[in-house]
Amino acid sequence: MKDFTFLVLLVVTTIVLSMFGVGEVFAQDGEDVLDVEVASGAFELRVVRVGPGGLARRGGWTGVLVEARDRGLQQREIVLRVSVEDRDGDDAHFDRVVASNPGFDQSFWVYARLPSSGGSLTLSAYSATETVVDPNAPEGLRGFDAGALLTRTPVDLSRAVVSGEGMYAVVGPNDFGLRQYSAGSGQSGPRENASPAGHEPTRVATGLAAQELPDRWQGLEPIEVLAWGSDELPSGLTGDQARALREWVLRGGHLVVVLGATDGVWLSEVDNPIHDMMPVIAPPLRREGVDLSLYQGLLTIQPSRDLPDSAVVRSFRHADDAGAYDAIPILEGPGGDVVVIRRLLGSGAVTLVGLDLAMPALRSTGLPEAEAFWHRVLGRRGPVVSGATELAQRFGDDAARAANRRDPSIFDADIDEQVDTSRRAAAGVLLGFIVFGAYWLIAGPVGFRVLRRYGMSRHAWVGFGASAVVFTAIGWGGATAIRPSTIEVQHLTFLEQVHGQPIQRGKSWGSVLVPWYGEARIDVGGTGSALAESFDIRRWHNLLAPWSPIGDSAFVGGFPDNRAYRIESRAPSLASVPARSTVKQFRFDWAGSNWAMPALAGLPGQVDAPVLVWHNGTAIDGALRHNLPGVLEDIVLIWSRGQTPVGSGGSERAISSQIFTSKLVFENPDDPGWEPGERLDLLAATANGEPATKYLGDLLTTGRRLGGAGGLAMGDIDDRMMAISLFNLLPPPDLRADASSGRVPVLASRSEGHGWDLGRWFTQPCLIVVGHLIQQQDEAGPPVPITVDGRVPLASGRTVVRWIYPMPADPPGWFSE
């Protein structure tokens, strides 16, 4: 009996030690070896800031700007490393290899995906030793191992914002009124992270210098809008910084350039490294001494405001060689002069503003008002108030008290559930319990009673042995039968393409199942595109990073064999990760060309290229066809004729009231979807379109939770994903109605969906098709091209497909009584 008790204690102790990190006593790959230089301070490292302008979001990519000084005697290669523990307890090493210049201060960006929780990280510097070039690595990429540790310093993340905040940044000393979006609610608790009269707030960082911008696009990834004034010239950008800006725009970023008193550099091919991104326009018409009261409707919603009477205004027109989407008028003055013009690039845009928003006489009066001007440029809605005091003044004390009751509903909080594979693991565990229970019964009391009943109890040990053999065979056979043998990925993906732009972008969260032990090389890549090649965008700028949901912590103690893996800044799409015949979770950010997205479909024998045209003012005439690897379901068409007239009042609805929607209903109830190759008649689909006001309100209603503080929004997942796509157009909470009814106002927020809002598209006429494609063990692979050791995994999961067609430009006119 004592031996049995000892054996039980031994087994229990072994299990507990394995759960709480006994593996840490073993040697780890990349274990630090202290160099004698650490004591002498021969290499110094200092963290300048986390994120451009200090903008960094937990759970997202960011750049850490560091200053280094090598006090050694000769130049050498240095590995700068930020280590982040993933959900399995393995360390992801985000490395950047740099060349030191002894005796001089140097600045470098190191890029990493921040953990969702925790107050600090550690930045380390190692001497680099060159290794054999990986034959599968991108051309010209050398391999380095981290040698001796030179120094390390903490990276303070206390200023990194929580997930539920948007981010804008401004290059130059002026904010152009954008800081009005960053007003806090003046409340405490979860409501502190809220816009006073709206939903999640927008953090706006100002005063950035051009030379301080990141040199990789992932450093700009959390920023949705980058505004740039002409008082901070782009001529100081390095080639890497210019490429980073281009790639960020191609992947959905919005660059807004506000021309001031001087504009020669921005329009110069010689002095502007990003001139090839600018709208293709003729030389602007410059007018001085303009009375801005003529443009009052664009600058303020208050008709009695005094405005400067001597300003500089530029008006634009497209160049003769401009393409259809190279110079799109967005806003005009009262005389028809175009003062805001835009160029589309990939999924992003570059917008030029001809009003001098930085002039002191304008800024001193708090103008422009974001609600009047920036709503119409960025595609936002909702009242913009400065805090709780103004909220009470505009909407009453009851509304302010109702705002204080809000709790956030996270519309994309169920990503983890969508990529979870634990159900399959649970089936294996259940099988194990069943087999063990049956073995215990048959080898124990049930088997013994049967033998005793037939007078064969003397053969109990023989029966016990036979049972052990039989159930061992059953256990091994069952384990072999259910053990995965193929590479699989369970994913949730956003996939988008703009008509006329030969590049797609995708953002995917996935659980990758690797059915072996050792290592697995994961690569997110795919073919490039003509647009990407013309801007010198290389395929290996796609991003791969370990992922865990906001608020999640690493697996307690991790695996007994915790190991580290590298994600190098020159090839962030590649990683050789530990494989344990189980899943590992990642986030992938990709751009390229993969699936055959929806496209225009002409009539049989039609010679001219098909186009979409307006029919009777609101419907759209034309047809579409797709060749996606499956049926599109839950399809919603969203289209807009443009903006309401300027100065007509109701600026909160200047964009949203012009939007129409239609949910497609298919005749076959057994297959309610849009089949590949099937022609979709848009005239029939849009003829009965309804104003989107009610639809947007219904999307917000899906955020009304069923009790509890914060967390998952109720409703169908397709509605929640649509709410993410139309986030900045969701109606503000009706605080007065909620106050009178006692309801808890909805406070919409996002954890992972930033950068995927479609609001900007509705500042101009457009059609957007949103549908869902469901995969089950699909050999076509995931929409974001992923390979594991060069093999395409079987794909299961949901893809939110978004296709955007810009309709002919139609800037809003001016309201006249």
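To keep things clear, this report deals only with the structure shown in the data block.

Criteria and cut-off values
- Residues numbered from 1 in each chain as written.
- Predicted model: local features only at pLDDT ≥ 70, side-chain atom pairs only at ≥ 80, totals over all residues.
- Heavy atoms only, no water.
- Helix = DSSP H or I, 4+ residues; strand = E, 2+ residues; numbered from the N terminus.
- Buried < 20%, exposed > 50% of the residue type's maximum accessible area, 1.4 Å probe, protein only.
- Contact = heavy atoms within 4.5 Å.
- Areas by Shrake-Rupley, 256 points an atom, 1.4 Å probe, with all protein chains shown as cover.
- Pairing = 2+ DSSP bridges.
- Axes fitted to C-alpha atoms, helices over the stretch in contact; angles between N-to-C directions.
- Polar contact = N/O pair within 3.5 Å; in protein donor to acceptor, adjacent residues only side chain to side chain.

A look at the overall build of the chain
Phase 1 of the analysis: Looking only at helices and strands, the chain features 17 helices and 36 strands.
Phase 2 of the analysis: Counting only residues that meet the buried cut, the chain has 54% of its 817 residues in that class.
Phase 3 of the analysis: When contacts within the chain are restricted to residue pairs at least 6 apart in sequence, long-range pairs at least 24 apart make up 77% of them.
Phase 4 of the analysis: Carbon and sulfur atoms make up 54% of the accessible area of the chain, which totals about 34200 Å².

Section: the environment of V161
Phase 1 of the analysis: Among the structural elements, V161 can be located in the loop between β7 (143–156) and β8 (166–171).
Phase 2 of the analysis: A relative accessible area of 5% means that V161 is categorised as buried.
Phase 3 of the analysis: Taking the C-alpha atoms as reference, V161 lies 9.7 Å from G54; in sequence the two are 107 residues apart.
Phase 4 of the analysis: V161 has contacts with A56, R57, R58, M167 and R203, leaving out every residue within four places of it along the chain.

Remarks on the sheet that holds strand β18 (residues 488–498)
Phase 1 of the analysis: Reading across from one edge, β21-β24-β19-β18-β36-β34-β29-β30-β32 is the order of the nine strands in this open sheet, with mixed pairing throughout. Looking along the sheet, the strands with just one partner apiece sit at the ends: β21 (543–546) and β32 (690–691).
Phase 2 of the analysis: Pairing geometry for strand β34 (residues 766–778) and strand β36 (residues 794–806), over eleven bridges, is antiparallel. Pairing of D778 across the sheet is with A795, part of β36.
Phase 3 of the analysis: Against the sheet, helix α15 (residues 692–701) makes contact with β29 (632–640), β30 (659–663) and β32, and its axis sits at roughly 70° relative to β30, the strand it touches most.

A short note on the pairing of strand β24 (residues 583–592)
Phase 1 of the analysis: For β24, a buried count of nine out of ten residues is recorded, marking the element as mostly surrounded by other parts of the structure.
Phase 2 of the analysis: Sheet analysis places strand β19 (residues 504–513) next to β24, joined by ten bridges and oriented antiparallel. Paired with W509 across the two strands is R587, which belongs to β24.
Phase 3 of the analysis: As defined by bridge partners, β21 adjoins β24 across four bridges and the pair is classed as antiparallel. Bridge assignment links L543 to a residue of β24, and that residue is D589.

Thoughts on the side chain of E371
Phase 1 of the analysis: Turning to its location among the elements, E371 is positioned in the loop between α5 (360–363) and α6 (374–378).
Phase 2 of the analysis: Among the polar contacts listed, one links the side chain of E371 to the backbone nitrogen of V384, at a separation of 3.2 Å.

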